[in-house]
Amino acid sequence: MEPIPPDLFLESYPPGIRAAADELRAIVLKAVPDAIERVRIGWRLIGYDVPSGRRTRYFAFVAPENEHVHLGFEYGAAMTDPDGLLRGAHLKLRTVRFVTYEPGEAIPEDALVAYTREAARLATMSRADRLAWELGRAEP
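About the cut-offs
- Residues numbered from 1 in each chain as written.
- Predicted model: local features only at pLDDT ≥ 70, side-chain atom pairs only at ≥ 80, totals over all residues.
- Heavy atoms only, no water.
- Salt bridge = Lys/Arg side-chain N within 4 Å of Asp/Glu carboxyl O.
- Helix = DSSP H or I, 4+ residues; strand = E, 2+ residues; numbered from the N terminus.
- Buried < 20%, exposed > 50% of the residue type's maximum accessible area, 1.4 Å probe, protein only.
- Core = buried A, V, L, I, M, F, W, Y, C linked by side-chain atoms within 4.5 Å.
- Contact = heavy atoms within 4.5 Å.

A. Representation of the pattern of salt bridges within the structure. A complete count under the given rule lists six salt bridges for this structure. Residue R25 pairs with D7 through a salt bridge whose shortest N-O separation is 3.0 Å. With R25 in helix 2 (residues 15-31) and D7 in helix 1 (residues 6-10), the pair connects residues that are 18 residues apart, well separated along the chain. Given a relative accessible area of 11%, R25 falls into the buried group. For E109, the salt bridge is made with K30, and the minimal N-O distance between the two is 2.7 Å. A residue pair is termed long-range when its members are at least 10 positions apart, and E109 in helix 3 (residues 109-124) and K30 in helix 2 qualify at 79 residues. Assessed through its relative accessible area of 45%, K30 is described here as partly exposed. Among the ionic contacts, a cluster of salt bridges with common partners joins D7, D22, R25 and E37.

This is how it looks when you write it as structure tokens:
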């Protein structure tokens, strides 16, 4: 099956959602220029993988909905959150965390670039290294 281009995937969403999704896509690619962007139609999102040796690791997604769009991070629960932007813990999501923006809402590019870079770095760590990272930054 031929991959669906992200622009075609976003065509069915309202213009404001497309604009916010495109802004978030640009942030991901600015943060991790070698990220591989592809539509994951079954999940209804645009997923991002980062090269890691001979493999790739899934680390982020842009998920549009009719009223807002999410930028999510696969290992978000392990991330630092200095700006208090990450959501998802209240939903009892084990690892994923995300930010959500509505059309026209200001998107903090600098902060999200930093979050995205951290997400890619965490995705390339081994499970043991990621756990050590989490334990090392936990408060006693």
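Still to come is the rest of the account.
B. Molecular detail of the nonpolar core. Core analysis: the largest hydrophobic core is formed by 37 residues, its most contacted members being L24, Y48, F59, V62, L71, F73 and L112. No other element matches helix 3, which puts eight residues into this core.

C. Quick look at the environment of N66. Here N66 lies in the loop between strand 3 (55-64) and strand 4 (69-73). Taking the C-alpha atoms as reference points, N66 and E11, separated by 55 residues in sequence, lie 12 Å from one another. Setting aside residues up to four positions removed in sequence, N66 forms contacts with Y13, P14 and I17.

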